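Letter by letter, the chains look like this.
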Amino acid sequence: MKFSLEWLKHFLDTEAGVTEIAAALNAIGHEVEGIDDPADKLAGFRVAEVLTAGPHPDADKLQVLSVDTGEGDPLQVVCGAPNARAGMKGVLGLPGAVVPANGMELRKSKIRGVESNGMMCSVRELELGDEHDGIIELPADAPVGTSFADYHAASPVLDVAITPNRPDCMGVMGIARDLAAAGLGTYKAVEVPSIAGEGACPVEIRIDDPQGCPAFYGRVIRGVDNTGSSPEWMQRRLLAAGQRVISPLVDATNYLMLAFGRPAHVYDLAKLSGAVVARRAHDGETVEALNEKTYTLDDTMTVIADDNGVHDIAGIMGGEHSGATEGTTDLLLEIAYFDPEAIGVTGRKLGLASDARTRFERGVDPAFLDDGLALLTDLIVKTCGGQPTEVVRAGSPPAERMTVAYDPQLARTLGGVEIAEGEQRRILAALDFDVAPDWSVSVPLRRHDVEGAADLVEEVVRIHGLDKVESTPLPRVEGVAKPTATREQLRARKMRRAAAAAGLHEAITWSFLPEAEAAHFAQGDAPLWALENPISEDLKVMRPSLIPGLLGAAKRNRDRGAAGVRVFELGRRYFRGADGTSDERETLAVLLAGEKTPRGWDSGKAAPFDAYDAKGMAERLLEVAGAPVDRLQVMGEAGAQFHPGQSGTLRLGPKAVLARFGALHPRTLEAFDIDGPVVVAELFLDAIPAPKKAPGFARAPYAPPALQPVKRDFAFLVPDDLAAGELERAVKGADKQAIVAARVFDVFAGQGVPEGRKSVAIEATLQPGEKSFTDAELKAVSDKVVAAAAKLGAELRG
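Undergrad: So what about the packing of aromatic side chains? Which residues, and what values?
TA: Using the criterion set out here, one finds 10 aromatic pairs in the structure. Measuring from centroid to centroid gives 5.1 Å for Phe338 and Phe360, while their planes differ by 80 degrees, and the two rings are edge-to-face. With Phe338 in the loop between β22 (330-337) and α8 (340-350) and Phe360 in helix α9 (residues 355-362), the pair connects residues that are 22 residues apart, well separated along the chain. Neither Phe338 nor Phe360 differs from the other in exposure class; each is buried. Aromatic pair Phe521 and Phe672: ring centres 5.8 Å apart, planes at 70 degrees, arrangement edge-to-face. With a gap of 151 residues between them, Phe521 in the loop between α15 (515-520) and β30 (541-542) and Phe672 in the loop between α18 (666-671) and β37 (678-684) connect regions that are remote in the sequence. Members of the aromatic cluster, each reached through a chain of ring pairs, are Trp7, Trp233 and Tyr255. Here Arg393 stacks its cationic end above the ring of Tyr217, 5.7 Å away from the centre of that ring.

Undergrad: Give me the lowdown on the layout of surface pockets, citing residues and values where you can.
TA: When its volume is computed, the second largest pocket comes out at roughly 900 Å³. Lining the second largest pocket are 35 residues, and of these Val250, Asn254, His265, Leu290 and Gly318 lie nearest its centre. Residue assignment for the lining of the second largest pocket shows that the elements contributing at least two residues are α7 (248-260), β15 (265-268), β20 (309-313), β21 (317-318) and α9. For the lining of the second largest pocket, the element with the highest residue contribution is α7, accounting for five residues. Its residues assigned to classes, the lining of the second largest pocket comprises 16 nonpolar, 12 polar and seven charged.

Undergrad: Describe the packing of helix α6 (residues 232-240) against α7, listing the residues and the values that go with them.
TA: How two helices sit against one another is set out by the angle between their axes and by the gap between those axes. Following both chains from N to C, one finds α6 and α7 inclined at 55 degrees, their axes separated by 10 Å at the closest point. If you check the angle between α6 and α7, you find them oblique. When you trace α6 past α7, the crossing you get is left-handed. Facing α6, whose interface residues are Trp233, Met234, Arg237 and Leu238, α7 presents Asp251, Ala252, Asn254, Tyr255 and Leu258.

Undergrad: Account for the pairing of strand β19 (residues 302-306), with residues named and values stated.
TA: The element β19 is largely enclosed, with a buried count of five among its five residues. Burial of the side chains of β19 extends over both faces: Thr302, Ile304 and Asp306 are buried on one face and Val303 and Ala305 on the other. As paired elements, strand β16 (residues 276-280) and β19 share four bridges and run antiparallel to each other. From the neighbouring strand, Val277 faces β19, where its bridge partner is Ala305. Inspection of the sheet shows β19 paired to β20 by four bridges, in the antiparallel sense. Opposite Ala305, over in β20, you have Val310 as the bridge partner. The antiparallel pairing of β19 with β20 creates a hairpin that spans two residues between the two strands.

Basis of the calculations
- Residues numbered from 1 in each chain as written.
- Predicted model: local features only at pLDDT ≥ 70, side-chain atom pairs only at ≥ 80, totals over all residues.
- Heavy atoms only, no water.
- Phe/Tyr/Trp six-rings, centres within 6.5 Å; stacked < 30°, edge-to-face > 60°.
- Helix = DSSP H or I, 4+ residues; strand = E, 2+ residues; numbered from the N terminus.
- Buried < 20%, exposed > 50% of the residue type's maximum accessible area, 1.4 Å probe, protein only.
- Lys NZ or Arg CZ within 6 Å of the ring centre and 35° of its normal.
- 1 Å grid on protein atoms, 1.4 Å probe; cavity = no way out; pocket = protein on both sides within 12 Å on 5 of 7 lines; lining within 4 Å.
- Points joined across faces, edges and corners; volume = space filled by probe spheres on them.
- Nonpolar A, V, L, I, M, F, W, Y, C, P; charged D, E, K, R; others polar.
- Axes fitted to C-alpha atoms, helices over the stretch in contact; angles between N-to-C directions.
- Parallel < 35°, antiparallel > 145°, perpendicular 65-115°, else oblique.
- Left-handed = near helix turned anticlockwise from the far one by under 90°.
- Contact = heavy atoms within 4.5 Å.
- Pairing = 2+ DSSP bridges.

Listed below in C-alpha cells is the structure:
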C-alpha cells in the first residue's frame, strides 16, 4: 500500500521525518518496501512567468516565448502548447532536468532553427495527472523562481507491505493509529460530519442473501455535477497512492477506500430500475464489470442487482452499465458489509482481483458503515454539490465485540520481555482496545486477527519494541542430543558453500519445464512426468535435467548485457518408471557462459569458457561431495545435447556415471535461443558411493615415509585414439604395492612419430617400504609397467 507523508500527517500529528517513520513502521511489523521522493524527480523544474509569446518564423504551431525564471535575463523557449501566452505562469524545465514521464534529459537545442533553453511542461510530463492538452497554468500568485517541488509541496511516498492479518491497516488512518501507539506522534481522530438528509430515499434497498451480505446501507444524492475535477489535494494523494484520477465521484470513493480502508460504490440512479437487492446470482447470469470484461456467475456468488439484472459483483467490482459518468446527476451511494469468506471464493472462481476484494476478503471494519457513508457523502457534496436523502439501512453488520481475559504477566512469560502494567494498558488503549480493571479486554470489531491472549501479547510486544526482546537459546530437549541433519543434507550444505567459493551464483529455477525443453533433455526413451493441472503450458512437465532451467537463467542475464554468467543449482531431477513409479534424483548442475576473462590491455581479447573449465569444476565439486576423484575415468557419451568433440563423462567403471560435462551442442543452443559458447557440468549425486564406515579403533598420526620415493619416466608410442588417462591408470595399476602415483606430463604427435600414433610420456612414482629398491626390483617394476601398457597397444619408445 502506498501513501504520501503529507497524507499520513492528516491523521498523525508528528514532527518525524520519512526516515524515522519508515524505521518505526518496520519496528512495529509493517515492512516498508520502498520510499519514493517525487521532489527528486522534479529537480530542475521551477515556477516561471511567460513575458512574451510570438509566432515561430518557420512553424505555424510553435511559439517563441520569453520566460522569466527569477534569475538574471529572461530565457528563450520554443513551445507548442496552445494555451501558452504572455502573462501566464507555468513550470519550466531547465537544461539538465529529466522529464519524469519519459526520462528525457533537457538540453539547449535549436527547434526549426530557433534556440530553445528548456521546456514548458504539461501535467502528464511531470506525472501529476493525465492532462496533456496544454502546459500547466499556475495561479497568479505563484512565486517566480521557486523550485516547483517546493511550490507543489511534493511529499515522499512510502510503499508498505500490509500483512493479510491486518486489514485494519489497509487505510492510512489505521497506519497512523499504529504509529501513534508506538509513540511517534498523536493520533488525530477523524471528525465525522452529521448529515441528516432531506426526504426519504426513493430507492428500495433489500437483502435477499443475508449470509453473503449481512448489511447494506445506502442513500440517494440528487443534483451532483461530475463534469469537473476533484480537489487538487485529493488528486495529489490519490496519485501518490498509484491511483488514476478519473472523475470527482470515482475519486471520492477511491479516497474513502485508501484513507479509511472502506470500499464503497456509486450507481447512476438513472440507470437503475426498481429495488436494489443484494442477492445470490442465478447460474449462468452474466455481468460486464468496470474492467470491460464479461463474467459468468453461479448461485454461490453474491451480487447487487435490480429488476433489469446484475449491476455489481458484490465486494469485488462494479458493473459497467450503471457506473457513474460525466452525465450523472443523481446517484445511489452504496456502502455494505460482505462476508469475507464468500468474497474470497467468488474472486478465486472468477479470477478477478481488485482493491475492494483485497479489503473485503481480509475483513473490513463492520462498525464503520454509518461513519463511512457520512464521510463519503460529505466528500461528494463538497466536491460535486447535490442534496442527499435520508439513509436506508438494510440488515445489520456484526456488532458483538469479543472479550479476552488477559494476564499482563504473559508479556514476560510468553513474549520474553518485562513491560510495566501501566505501559501495557496504555498500548492497548492506544490501539483502541477497552481494558477493564480486571484485565478483561474488549477487542475492536475491525481487529479480526485478535482471538486470544497470545494475540494481545503480540500487540503489546510489537509496539513496545521487538528489538527489546532478548535473544535466548531454546533449552535442549532431553533425547535430542545428536545432530538431526542427514548425510545428504550435510553434503548439500558443503557443496553449496564450495560452489559459491568457486565464484558461482546459486540459481533456483522451476521444477517444471515446457514440454519441448524437457523432451530435448530426456534420457533415452524414458517417459516424462506431465502434470494433469499445470500452472501454465510453459510449466507442464517435470524436469529430467537441471540444465534447461539454468539455460533460461543464463539467457535472461545475457539478454540484459551480462558479459559472463556463472551459475549453479542443487535440486532434483524427476523420472517416471515403466511401471508408473516416480523417481527423484539429487543433482547439482553448473553453467558457465560468455566471457571467462574480460578483454584487457594485458590479456588482449576476452577469453571464453571451454570444456576444461566445466571438467575442472565438476571434479572440484565431486571431491567436496566425497567422490573418489583420483579413481575417476574420463569417457565419452555425455549425451546428444553436448558437443561430441568437447564433452565427456566422469565414471567409476564403465557404468557408474558420476557426472557429465562439456560444451553444449549448437543444436541445443539454437533450441534454447542462447548464444554460445556455453559449457555445463551435471553431477549425479545419487551415484556417488557412500563413504566406508570409519574403523572402530584409533589410528596413529600420519608420519611421512622414512625412505624417499623414486621416480621413473616412460615414453610410449600409442594409438592416437587412446585416451591418455587410460594409459595413466594402466601404469599405476601395474604394481599397486610399489607404484603410488602416475601422471602424464607430455603428449606429442608429428615429426618422428609414425602416422596414426602419438607419444605419451608418463612419470611413475615408486615408494619403497622398509628398504630401498634394488636395481633388480626397479627393473622388475619397469617390466610390469611396459607389459601393462602393451595390453593397450602401447610400445616403449627408444
